[in-house]
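# Report on the structure
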Amino acid sequence: SVLLHGFNGDGLPTAASRDDAIVSAKWLRAEVFSDFPFASLSELAHTYALTLLPLVRPIIRGCSPLHLVEASVPGAGKGKLIDACVHVSTGGKSRAIMPPAKDEDEWRKRITTFLMGGTEIVTIDNIAGKLDSASLCCMLTTEMWSDRILGKSEQGTFKNHIVWTATANNATIDSDTARRI
């Protein structure tokens, strides 16, 4: 299932050309993403970006945005799209899934738990209503996260290298969060 023509057996680039990238993008669109009804080319471009992010995240200094997959109805395949992206880039690793938190303390605790555990890919699943969390905004713009370790009176500091994704139906996003997506 090698999809990137011009790459060696270890997944490391040889002398991949622009044509190789075009062939790979067409293959992804035809073979992996053909069942998803993208409303615009920008949605497809973001899907390609999410597909590549787990591959390059370890070498990115700093933060990466939250990748939001949104639809107007339940059951549209938002989670399946994220699974397809993750499968292509990781060879089938699974992602952690969490529901949105009800309050700021719960957001902070969940973020800390995932960062502390070394999780690679997290999906905040089924956001309903308004997405508005200072902790989420802070985490999306910080390379190092500090928080009290749950059950202890100790502070922990954790590197933020998780690929953060989310799914929503007709969500409302506050302006601070929107610019981090």
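Residues numbered from 1 in each chain as written. Predicted model: local features only at pLDDT ≥ 70, side-chain atom pairs only at ≥ 80, totals over all residues. Heavy atoms only, no water.

## Quick look at the overall build of the protein
Note the threshold: In this text, helices come from DSSP runs of H or I with a minimum length of four residues, and strands from runs of E with a minimum of two, each type numbered from the N-terminal end. Here the globule rule is a power law, 2.2 Å times the number of residues to the power 0.38, and the radius of gyration is based on C-alpha atoms. Only protein chains enter the calculation, and the probe is 1.4 Å; a residue is then buried if its accessible area is under 20% of its type maximum, exposed if over 50%, and partly exposed in between. Any pair of residues with heavy atoms lying within 4.5 Å of one another is described as a contacting pair. Note on areas: these come from Shrake-Rupley sampling with a 1.4 Å probe, and a residue is covered only by the protein chains present in the view.
Within the protein, the regular secondary structure consists of six helices and eight strands. For the protein, the C-alpha radius of gyration of 17 Å lies close to 16 Å, the compact-globule estimate for 181 residues. Counting only C-alpha atoms and orienting by the principal axes, one finds that the protein spans roughly 55 × 35 × 25 Å. In the protein, which comprises 181 residues, the proportion classed as buried is 38%. A separation threshold of at least 6 residues defines the contact pool for the protein, and within that pool the share at least 24 residues apart is 69%. Surface exposure of the protein reaches about 10,300 Å², of which carbon and sulfur atoms provide 53%.

## Some details on helix α1 (residues 18-32)
Given 3.6 residues per turn, any residue in an α-helix points the same way as the ones three and four places further on. This is how the line gets drawn: To estimate how far a helix should extend, the number of its residues minus one is multiplied by 1.5 Å. Our arc is simply the arc of the directions from the helix axis toward the C-beta atoms.
Compared with the 21 Å implied by 1.5 Å per residue over 15 residues, the 20 Å span of α1 between its first and last C-alpha is a close match. Where α1 is concerned, the buried positions are D20, S24 and L28. All buried residues of α1 project into a common sector of 75 degrees when viewed along the axis, lining one side. Every exposed residue of α1 that faces more than 90 degrees away from the buried side is listed here: R18, D19 and K26. Buried positions along α1 lie against α2 (41-56) and α3 (78-90).

## Focus: the environment of P100
Its place among the elements puts P100 in the loop between β2 (96-98) and α4 (104-117). Taking the C-alpha atoms as reference, P100 lies 9.4 Å from T123; in sequence the two are 23 residues apart. If we skip the residues at most four places from it in the chain, P100 touches W107, R110, I124, D125, N126 and I127.

## Describing the confidence of the model for the protein
The condition that has to hold: pLDDT gives the predictor's per-residue confidence on a scale running from 0 to 100.
Per-chain confidence: the protein averages 88 in pLDDT, with 92% of residues scoring 70 or above. Predicted confidence for residues 1-6 stays below pLDDT 50, and this span has twelve contacts to residues more than four positions away or in other chains.

## Some words on the nonpolar core
Going by this rule: Note on terminology: a nonpolar core comprises buried Ala, Val, Leu, Ile, Met, Phe, Trp, Tyr and Cys residues joined through side-chain atoms within 4.5 Å.
By size, the foremost hydrophobic cluster in this structure holds 23 residues, and its most contacted members are L115, I124, M139 and W164. Counting residues per element, the ones that place at least two in this core are β2, α4, β3 (121-127), α5 (134-140) and β7 (163-169). For this core, the leading source of residues is α4, giving four residues. Listed in part, the 16 residues of the second largest apolar core include Y48, A84, C85 and V163.

## With respect to the sheet that holds β2
Selection rule: We treat two strands as partners when DSSP finds at least two bridges between them. Interaxial angle, 0 to 180 degrees, is taken between N-to-C directions of lines fitted to C-alpha atoms, where a helix line uses only the stretch in contact.
Overall, parallel pairing links the four strands, which are arranged β1-β7-β3-β2 in an open sheet. A single partner strand is all that each edge strand has here, and the edge strands are β1 (67-71) and β2. Adjacent strand axes in the sheet meet at a mean angle of 20 degrees, parallel and antiparallel pairs treated alike. Relative to β7, β1 is paired through five bridges, and the arrangement is parallel. Paired with H67 across the bridge in β7 is T165. Here α4 sits on the sheet in contact with β2, β3 and β7, set at roughly 175 degrees to β2.

## With respect to the environment of N169
Applied cut-off: By the criterion applied in these results, polar contacts are pairs of N or O atoms within 3.5 Å in which, for protein atoms, one can donate a hydrogen and the other can accept it, and in which residues neighboring in sequence qualify only through two side-chain atoms.
In this fold, N169 is placed in strand β7. C-alpha separation for the pair N169 and I127, spaced 42 residues apart in sequence, amounts to 6.9 Å. Aside from chain neighbours lying at most four places away, what touches N169 is A71, V73, P74, K78 and I127. Separated by 2.9 Å, the side chains of N169 and K78 make a polar contact.

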